[in-house]
Amino acid sequence: MAEWSKAPDSSSGLRERAWVQIPLLTIFVFLLKATARDKLRTECARRANSPAMEDPSKDLSLVTDSKTEGVPASQAQPPSNSNSNSNGTAQRTPEELVARAIAPVKPEFLRPPPSSRTTQNDAVSDANTNAKQPQAIKEKKSKRQLKRERRQEQKSASNLCPEIAKTGDVNACSYKDKCRFSHDIEAFLSQKPDDLDGDCPSTKADAPCPYGLACRFSGTHKDGASGTTSNLLKKSSEVNGLSKDVQKLLWKNKMRFTKADAVIKSLGLEGPNWKKKQLVDKEEDEVGLSGSHAADETECKKVADDSIDCSECPPTISASVNAEDACETDEIRPSKKAKCVVDEKCSDELEGDAVLDKDGEKDSAETEMADVVVAESDRSLKIHPREKMLIDFREKLYLAPLTTVGNLPYRRVCKTLGADVTCGEMAMCTNLLQGQASEWALLRRHSSEDLFGVQICGAHPDTVARTVELIEKECTVDFIDINMGCPIDIVVDKGAGSSLLTRPARMKGIIQAASSTVDRPITVKVRTGYFEGKNRIDSLIADIGSWGATAVTVHGRSRQQRYSKLADWDYIYQCARKAPSALQVLGNGDVFSYLDWNKHVSDCAELSSCMIARGALIKPWLFTEIKEQRHWDISSQERLNILKDYVRFGLEHWGSDKKGVETTRHFLLEWLSYTCRYIPVGLLDVIPQRLNWRPPSYYGRDDLETLMASDSAADWIRISEMLLGKVPDGFTFAPKHKSNAYDRAENG
């Protein structure tokens, strides 16, 4: 009992000592937090009562964030003649402002920041708030409910049947009552918004409008016109569309990639599921051949009688695959079973197949020999770089592939302003191979783009090889660019983009497979490295040329930098000097004036050209400045005319109906989120403007220029209403990308 009674006494003593220590530590931490909180409150009160900021470098965010974001430019007051400025930037010299990366705007154009933020200032945050609500509602609805709602929406008066809208005749629709769209013309016209000012884009092109009554310019249409010729006009001006037959084959995963598969096999780049897939393909071929051989002649006769292209005969070798391609594949079908009796129309298209038929009738041993040859590492499969079509990028103005904003209408604008080389937006290989129409739309090319390429992004050699083979068959391009520098997380997490910079072996496989599969030049776009301060492309630049690439573009930033800090052009020069003579090296990063262009080209003779990206987004007339070697002090009316051209091109591309107008408006607003960063030449104390300069709050030389300088989404919408009419009720807009790369240091 005595021993038992001592234990509690000792433990209670420990508890008492711990109880004394814990409160002291807690009280000490609490006092530190309270002191820091009091200091913060005192500092905030001092800044709120101060008429001007004492140190603009510390509180620059108060200047830049509240310039026109707080109050739309339409509510701003005109500039005064006083030299004093309440935002504090006029107190410093232009040299000091430039050193702090602040745009040195002339003092007479500076305006004070608004005293308080209004409810109209932040349409972006409102859009983000509203965007979360419908997502929560959609998650609660089943697929059947959503499908029913879509059908009800299609049946509403706002969605008139396209055939009836085109002709104006209720009986024009062949589906009658089974049609998914509304046939009530009067109800459609009663709720249709007012027509827009101006003429229909199709009417300007001397062609009937394919949208008929649904066109927002229907009042300018000529009577009795059909929309068929307008569709032909669009097809003649735009190419690289995805045909329905090819899309169905991609949907069903029945597209054959004979050339790519042979190259992947010869290079030894088969994946883990390669053998399994090959067995499945062979089984499908055997089943298809045994079941269709007897019906070959009947099927082909039907095709000939219906005047359909012979390439649609399923058991035959496609007319697009010539004899040379057929000999290169290890899955060649017996030529006897590929034989087809057709009329004279088909005979011209199958001349290459006829040669195969005659050779196949001699002996089947020759076919087996061909299989053995292809199974080995056949050097003839790999095209020598000298045999490829070469493109000389030297001193050509190259518009970079720009996600979201670099669409076809925007590229047309840049072509009119002097761009030499254009490239489509980045397309994901997996989405292209799945036949996604939205992804294939990124490959479309206008007739004005005389030197045009497409950019693809993939993580595996077989995926990229099949994609380039499909693009070469279905599209008209001058070169194919492989993106190995995209810093976006969703791309990097899949092993593509900048992730490949950490896997040189994977880079080698992708470039070799792509360059060996197609005759078109293969170019590569990379960054300096994955991590900041650990550049590694200079050690791979010579290998990239030997792997089969004809050109490489080096962006002077790492993946970790994203778009923060300045591009490292000294490192780009180092890469250009290490590159072999056969490999063209292009630089990319922060080109924003003709002086930047001249400096980079003159400092390194080995540099072929410079790619222009964000500089062209902010001022697309940069190409004109470089060609004319001048700083263009462009007026607000000239800038508005460029926007008008963009809207006209957009209506021609996306359509002049309600959907086309709103699509054009959306991409116009995306572009305006970049153009607001431009500062007119006449307003600067130091020229030219630099890409990393943060513009303070300023007035323009007229109301339109002030409106264009606003970074408020409400003012961007006002500009869109000047060109495309009033926005629909409840319209909100949130830019997809941050136009200001200086918002955060990491620029995430």
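What counts and how
- Residues numbered from 1 in each chain as written.
- Predicted model: local features only at pLDDT ≥ 70, side-chain atom pairs only at ≥ 80, totals over all residues.
- Heavy atoms only, no water.
- UniProt positions renumbered as here; feature names shortened; annotations may be inferred.
- Helix = DSSP H or I, 4+ residues; strand = E, 2+ residues; numbered from the N terminus.
- Salt bridge = Lys/Arg side-chain N within 4 Å of Asp/Glu carboxyl O.
- Buried < 20%, exposed > 50% of the residue type's maximum accessible area, 1.4 Å probe, protein only.
- Patch = residues over 30% accessible without salt bridge, like charges linked within 9 Å, V, L, I, M, F, W, Y side chains within 5 Å.
- Areas by Shrake-Rupley, 256 points an atom, 1.4 Å probe, with all protein chains shown as cover.
- Lys, Arg positive; Asp, Glu negative; His and termini not counted.
- Charge placed at Lys NZ, Arg CZ, Asp CG, Glu CD.
- Pairing = 2+ DSSP bridges.
- Contact = heavy atoms within 4.5 Å.
- Axes fitted to C-alpha atoms, helices over the stretch in contact; angles between N-to-C directions.
- Arc of directions from axis to C-beta.
- Parallel < 35°, antiparallel > 145°, perpendicular 65-115°, else oblique.
- Left-handed = near helix turned anticlockwise from the far one by under 90°.
- Nonpolar A, V, L, I, M, F, W, Y, C, P; charged D, E, K, R; others polar.
- Phe/Tyr/Trp six-rings, centres within 6.5 Å; stacked < 30°, edge-to-face > 60°.

**Regarding the UniProt feature "domain: C3H1-type" (unreviewed entry) in the protein chain**
Next, step 1: Here the UniProt-annotated "domain: C3H1-type" (unreviewed entry) positions come out as residues 155-186.
Next, step 2: When the span residues 155-186 is considered, its composition is 28% helix and 0% strand, and the gap between its end C-alpha atoms is 14 Å.

**Let's talk about the pattern of salt bridges**
Next, step 1: By the definition in use, this model includes 24 salt bridges.
Next, step 2: Two residues, Glu 238 and Arg 444, come together in a salt bridge whose shortest N-O distance is 3.1 Å. With Glu 238 in strand β1 (residues 238-239) and Arg 444 in the loop between α20 (437-440) and β4 (445-446), this residue pair connects regions lying 206 residues apart in the sequence. An identical accessibility class is assigned to Glu 238 and Arg 444; each is buried.
Next, step 3: With a closest N to O distance of 2.9 Å, Glu 625 and Lys 619 form a salt bridge. Each member of the pair, Glu 625 as well as Lys 619, carries the same accessibility label: buried.
Next, step 4: Here the salt bridges do not stand alone but share partners, grouping Asp 489, Arg 559 and Arg 562 into one network.

**Quick look at a positive patch on the surface**
Next, step 1: On the surface, a cluster of positive charge is contributed by Lys 147, Arg 150, Arg 151 and Arg 180.
Next, step 2: Assignment of secondary structure puts Arg 150 in helix α5 (residues 143-155).

**Thoughts on the sheet that holds strand β3 (residues 422-428)**
Next, step 1: Spatial strand order, β2-β10-β9-β8-β7-β6-β5-β3: eight strands in an open sheet with parallel pairing. The outermost strands of the open sheet, each flanked by one partner alone, are β2 (398-399) and β3.
Next, step 2: Against the sheet, helix α18 (residues 408-416) contacts β2, β3 and β5 (452-457), and its axis sits at roughly 160° relative to β3.

**Digging into the pairing of β3**
Next, step 1: Buried residues dominate β3, accounting for seven of its seven residues.
Next, step 2: As paired strands, β3 and β5 are joined by five bridges and run parallel to one another. Paired with Thr 422 across the bridge in β5 is Phe 452.

**Notes on helix α10 (residues 244-251)**
Think of an α-helix as turning once every 3.6 residues; residues three or four places apart then point the same way.
Next, step 1: Every buried residue of α10 is accounted for by Val 246, Gln 247 and Leu 250. Mapping the buried residues of α10 onto a view down its axis gives an arc of 100°, with all of them on the same face. Those residues of α10 that are exposed and aimed more than 90 degrees away from the buried face are Lys 244 and Trp 251.
Next, step 2: Buried residues along α10 sit in contact with α19 (429-433), α20 and α21 (461-474).

**Points about the packing of helix α11 (residues 258-267) against helix α23 (residues 504-517)**
Next, step 1: Here α11 crosses α23 at 135°, and the two axes come no closer than 9 Å. The orientation of α11 relative to α23 falls into the category oblique. Handedness of the crossing formed by α11 with α23: right-handed. Two secondary-structure elements touch here, α11 through Lys 259, Ala 260, Val 263, Ile 264 and Leu 267 and α23 through Gln 512, Ala 513, Ser 516 and Thr 517.
Next, step 2: Within the contact of α11 with α23, the residues separate by chemical class into five nonpolar, three polar and one charged.

**Section: the packing of aromatic side chains**
Next, step 1: Taken as a whole, this structure holds ten aromatic pairs when the rule is applied.
Next, step 2: Summarising the aromatic geometry, the rings of Tyr 398 and Phe 479 are spaced 6.1 Å apart at their centres and angled 85° between planes, so their arrangement reads as edge-to-face. Residue Tyr 398 is located in strand β2, and its partner Phe 479 is located in strand β6 (residues 479-484); the two are separated by 81 residues in the primary sequence. Across the pair, exposure class does not vary: Tyr 398 and Phe 479 are buried alike.
Next, step 3: Seen from their ring centres, Trp 654 and Phe 667 are 4.8 Å apart, and the 10° between their planes marks the pair as stacked.

**Thoughts on a nonpolar patch on the surface**
Next, step 1: There is a patch of nonpolar side chains on the surface, built from Ile 27, Phe 30 and Leu 31 and spanning about 320 Å² of accessible area.
Next, step 2: A residue is classified by how much of its surface remains accessible, and Phe 30, at 55% relative accessible area, is exposed.

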